[in-house]
Amino acid sequence: MAGSVDSAEIFSNVSFKIGNLLFGRTEEDRAILSKALDELNSINYRYTVVTNPTKAVLLVNQCCSIIPTDDKLLVQKCSQLLWNLVNRQNIVVEGRTLTISVQWCLNGLKINDKAVVLDILLALDSLLRSNTNNIPLLIQHVIKEIRALLNGSGEDNSLEVVLLALQCLEACTIEPNDTKLQSRTDLLTYFDHCGDIFMSYLNKKPDSSDDLIYSKILKICLNGVQNIVTQHPDYLRRELGTILGVVKTFMLYGIKGVDYLPPQKLLPSTLSIPEVPNNATREKKGGKLTKHRKHRTANKKELKSPEDYVFDSKSTGYTPATAVFDYNSDSGTNCTVTGLKLKTMRLEKSAKVAQIQGRIRQTALNLFYNVVKHTEKPMMFAYWSSFIPEGTMLGQHNLVTCILKDPSARSRMAALNVLLLLLTSSKLYLSQAELSERSTSFTPFSVVLGYTLKELHKGLSFALNEMSGACADAGSEMFRRLSSSNALSQDVAWHDHKGCAKHASVQVTALIVLGCVLASEPVVPETKEAMLKLKQESETDLLRQKCQEDGENILNDDFDFAEFSESDEEGIVDEVTVPWLLKKCLTNLGVNFCDTTECPSKSTTATPAVVPAPVKLESLQVLSAMSRNYFEILMASHITHIIRAIDISLSDRYTDLRLHAGRAVDFIGQAMNKYVGSEDAGNVISMEQCLLFWQTLLNGSLIELLQSEQFPILRAVGCDCLGSIGPHIFEQLPRNKQILCVTLLFSCTRDEENSVKGAAVRALAICVLYPSLREDPGFVVDTAESIYQTLKDENLMVRVKASWSLGNLSDALVLNNKSGETLEEIPETLTLKLLQASIVGASDNDKIKMNAVRAIGNLLQLISSELTKKSNFHEVIEQAFNVLVKNSTTGSNMKVRWNACYALGNAMKNPALYQECLNNKNSINGRWQSAVFNSLMELVIGFRNFKVRINAAVALSSPPQRQHYGQFFHSTWVSLLKALENSQNMEDFSEYKHRDHLVEQVCLALGHLTTLLEPDDLLQLEDTIQLYFDTFKIHTHKVLERLVPEKSTTLFSASYALTALSKQTNLTSKQQNVVKSLTEVFVPEL
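As the structure is a prediction and not an experimental result, all values here were calculated from the model. (Residues numbered from 1 in each chain as written. Predicted model: local features only at pLDDT ≥ 70, side-chain atom pairs only at ≥ 80, totals over all residues. Heavy atoms only, no water.)

Q: What exactly am I supposed to notice about the nonpolar core here?
A: Soluble globular proteins tend to pack their nonpolar side chains together in the buried interior. Of all hydrophobic cores here, the largest spans 176 residues; its most connected members are Phe 631, Leu 860 and Trp 973. The greatest single-element share of this core, amounting to 11 residues, is contributed by helix H27 (residues 613–635). Sequence-distant contacts of Trp 973, that is, excluding residues within four places in its chain, are made with Leu 1006, Leu 1009, Thr 1010, Leu 1013, Leu 1021, Ile 1025, Phe 1032 and Leu 1078. (Core = buried A, V, L, I, M, F, W, Y, C linked by side-chain atoms within 4.5 Å. Buried < 20%, exposed > 50% of the residue type's maximum accessible area, 1.4 Å probe, protein only. Helix = DSSP H or I, 4+ residues; strand = E, 2+ residues; numbered from the N terminus. Contact = heavy atoms within 4.5 Å.)

Set out below in structure tokens:
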């Protein structure tokens, strides 16, 4: 038509004509309708033609109502009109019209004409895809007719028909946009039928009659299975092995050099099974094997045909001009015009097949991604061996091959996405990997996993090396490859990465990878070696390389190179060389090494390159990670450079950079404090250098951070920095700097911002443990008041930090109480206030409870005999014990429960709390004793969490004297012996790692009870010792063998106590037998 206006007018007129037509099956009516449909189909629907969608829907209704489904010609023309209106004009057909048109299409499928059926299926597909929310009303009828069509025979069941029929089925499985329809369970049965049909075609032998259409069929089936997997978890769980077998086949489909692997159901396994080669293999039946000679090829370097070179123009952006020439001809003139056209057609088809095969691989990998996403982690991990290679000789069908050999960038990205998801969802299992020689017939799972990860490391290294010379357009793929390496680095050792660093995002991701390597634990030697390697090559190496590239063999003839000994080179490295990663990070942060003694010959006036802010931020993160495990090795010797970089970053105008610089100061300060305080600290960094670090920052940049009025988060990080100075360095700081730190922190506790207030209180609680500040009563009282006020804050985060600070403060008070020095005690009113605040906190959030109970246990140790006699303390003491008992016996947070048990143990060390229990069992002390002992004995015998049982055993061994146990002495013996017997029983296998510790602690508790034995206790214990004697003896001897002498003092004290008890002359024979039995337990046979 001349224009869209004319087309719209024609459409309107013809539609009106059809609307007025009463089709009576006469030849005249049929001819009019046929002509009208021809006019409608001749309109160019690429432009807007339908101005009134309601009229178009009415037209669809009328056509599907009056055209019989046995009239081939009219059905074909009407189907074409339906497709044009729905697909090109975006007409939404809904309600009754949708039902009529879909049923009309389904009835028309009975026509025995391939061309007509294809048009009907196209129309049906467009109707279904534009009405995903109405699929539940149509799916039953669609599946019935499509299945009948697919089960038919003859021309109707050609590949083209199968493709479009499956396309209609796939449209039925698309997830609806309406969230209310997404959870409908009545569709799941129909999804089962669709899934069975899709899987049947995916498991068929390849059809070579038309590679292009067959490839499209595979892609549609994979899409359909993916739709079902995301909506039907039961189908996924039931068919998991079969679906993964299909994924394994088609994720490498069509890649040259990779054999086709027929789909087969995968079984969960922890060991990889070698793939069967494509050619027939020989069975080993014993005897001598006949050698098979390999056939020699005529030429070692065979020329490939043009068809072998398929270029993906979308991924490469370049199509070679020589792709259509005959490389076997002597000249280009031998190609005739006809031959050139035929070759061009073959190449175009080959390119299309290669393109659709790439989409098949991408779809299979997307299906794999959704399978992993919707499958439980333990179940999915059982199939790892089918997709991650254990060794280089275990076949090609794995994800690493996808990443390395797939010519399509999108498919490689999809494979990297799957690998990244597999790694991040399997951290718990990957941490169990180890490497060792396979010297036995049985290979442990951890070793198999170790070799799997080693092979994965190798594959990712190859992938990174391939991208090392890539251009900026490959940045996204490089980013994904580095992200996969990053995920792997967090669980296992990874080192020596090489990659392009021109793209800012690539630089950032590379730094993330290296940061994860540095942060991984335990520390491995490979990481240290990789970080200490020299980055730059020597000039000799560079010159030699250049000469080789130029083809000039002149090194031996024209140049004489000086030879240096290894000792000389190592000496130079030790004196001036900064580790390459540290140097790179510091350079990113503005440290110019060219103006130092490392390169005195270079000019210092050169303008430094502009480093993007994200690169600077990640460089600071790497410094923080480096300080955790490699401070002494990589950083301590170069602290002056680090001071300069940190100082520059703290003064930067970019807020995020100042924030991360402050966090780096916090981490480096902690590492420095740890190093200075360690007993085996060397001379790598002196105290003067440590003081220089802190004095430089306290002279300006760090103080500015603390006084930043506009950004509270900077003030909070500044408080964290002051808290990381550490006692050893703080004691050596000038007095004015000490006062400055303390004054700034106290002022920040009154800040309006919650984050600043919490950070300041936490820093003060760290400082209160420093000897000079802990012994300063004024500072202790001021800190206590600040903590007490902060505990009443409405913000949960602030209260959490305040409760932790209260725990630290109580530790400091206990240390002062045990020091033996004459120190000014804190006011009784303050002790009472802190105890009451702790009791309130023990009923708050779990994060507050775990710290509050710790504080209660410490504060109860401070209660003196005089305080127990005061009425205002009576009620508080009883409340404190009730709260501890409640938190130890109830709740789902195990850390709260074991902290409460430990707190009970601390409180029970205080003799003042037992004073009234002997004379008056109904007193406050008598009541708490009954509740505490009964709760602890119940926990230690059989609680499911071993750490709670361990701390309960510790608490039961806390009372210092026999009289403190009172009537619970014998029952404590019985409970501990039962606990020893039950130590081998566990509900959760994850508790196995705590089992030995539990046995040790129970034996130590029994040893403590043995040291308190009196003659009157022996007869009461006779039956109990006899009942548990073997278990008691075996476990105690094992503990004596593995415990170091420093930790087994209690057991040796028990043997000495028994020796002293046996020497008493007034013991009966039964008492002597009990002493003898216990002596066999605590004195091992030589």
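Q: Just checking my understanding: could you explain the pattern of salt bridges for this structure?
A: For side chains of opposite charge, pairing can occur when their charged atoms come near one another. Applying the stated criterion to the full structure yields 22 salt bridges. Residues participating in the shared-partner salt-bridge network are Asp 125, Arg 129 and Glu 170. (Salt bridge = Lys/Arg side-chain N within 4 Å of Asp/Glu carboxyl O.)

Q: Can you walk me through the packing of helix H3 (residues 53–66) against helix H4 (residues 72–88) in this structure?
A: The description of two helices packed together rests on the angle between their axes and the distance between the axes. Running from N to C, H3 and H4 point in directions that differ by 160°, and their axes come no closer than 11 Å. Considered as vectors, H3 and H4 are oriented roughly antiparallel to each other. The two elements H3 and H4 cross, and the hand of that crossing is left-handed. In contact with Ala 56, Leu 59, Val 60, Cys 63 and Cys 64 of H3, H4 contributes Cys 78, Leu 81, Leu 82 and Leu 85. Of the residues in the contact of H3 with H4, the class split is nine nonpolar, no polar and no charged. (Axes fitted to C-alpha atoms, helices over the stretch in contact; angles between N-to-C directions. Parallel < 35°, antiparallel > 145°, perpendicular 65-115°, else oblique. Left-handed = near helix turned anticlockwise from the far one by under 90°. Nonpolar A, V, L, I, M, F, W, Y, C, P; charged D, E, K, R; others polar.)

Q: What's the story with the confidence of the model for the protein chain in this structure? I'm lost.
A: Detailed reading of predicted coordinates is not advised where the pLDDT is low. Considering every residue of the protein chain, the mean pLDDT works out to 79; 78% of them sit at 70 or more. Between the elements of the protein chain, mean pLDDT differs from a low of 35, seen in helix H13 (residues 313–316), to a high of 95, seen in helix H43 (residues 894–907). Every residue in residues 468–475 is under pLDDT 50, and counting partners more than four places away or in other chains gives six contacts. Low pLDDT, under 50, characterises residues 535–575; the stretch is placed with 15 contacts to residues that sit more than four places away or in other chains. (pLDDT = per-residue confidence, 0-100.)

Q: Got a minute to help me understand the side chain of Ser 79 in this structure?
A: By the element assignment, Ser 79 lies in helix H4. By relative accessible area, which is 1% here, Ser 79 ends up buried. Among the polar contacts listed, one links the side chain of Ser 79 to the backbone oxygen of Val 75, at a separation of 2.8 Å. Setting aside chain neighbours within four positions, we find Ser 79 in contact with Trp 104, Asp 119, Ile 120 and Ala 123. (Polar contact = N/O pair within 3.5 Å; in protein donor to acceptor, adjacent residues only side chain to side chain.)

Q: Looking at this structure, I do not really get the packing of aromatic side chains. What am I missing?
A: In this description, an aromatic ring pair is defined by two values, namely the gap between the centres and the angle between the planes. In total, this model carries 15 aromatic pairs according to the counting rule given. Ring geometry for Tyr 965 against Phe 969: centres 5.7 Å apart, planes inclined by 75°, an arrangement best described as edge-to-face. Through a chain of ring-to-ring contacts, three or more aromatic side chains come together here, namely Phe 933, Tyr 965, Phe 968 and Phe 969. Here the guanidinium or amino end of Arg 762 rests over the ring plane of Trp 804, the centre of that ring lying 5.5 Å away. (Phe/Tyr/Trp six-rings, centres within 6.5 Å; stacked < 30°, edge-to-face > 60°. Lys NZ or Arg CZ within 6 Å of the ring centre and 35° of its normal.)

Q: What's the story with H27 in this structure? I'm lost.
A: Think of an α-helix as 3.6 residues a turn; residues three or four steps apart then line up on the same face. Here H27 contains 23 residues, and its C-alpha end-to-end distance of 23 Å is more than 12% below the 33 Å for a straight helix at 1.5 Å per residue. Along H27, the helix axis deviates most sharply at Asn 629, where the bend reaches about 100°. (Expected span 1.5 Å × (residues − 1). Bend = angle between axes of the 7 residues up to and from the residue.)

Q: Teacher, can you tell me more about the packing of helix H40 (residues 846–861) against H43 here?
A: For the pair H40 and H43, interaxial distance at closest approach is 7 Å and the crossing angle is 5°. Classified by the interaxial angle, the pair formed by H40 and H43 is roughly parallel. Residue-level inspection shows Asp 846, Lys 849, Met 850, Val 853, Arg 854, Gly 857, Asn 858, Leu 860 and Gln 861 of H40 in contact with H43, the latter providing Lys 895, Val 896, Asn 899, Ala 900, Ala 903, Asn 906 and Ala 907. Looking at the contact of H40 with H43 residue by residue, the classes come out as seven nonpolar, five polar and four charged.

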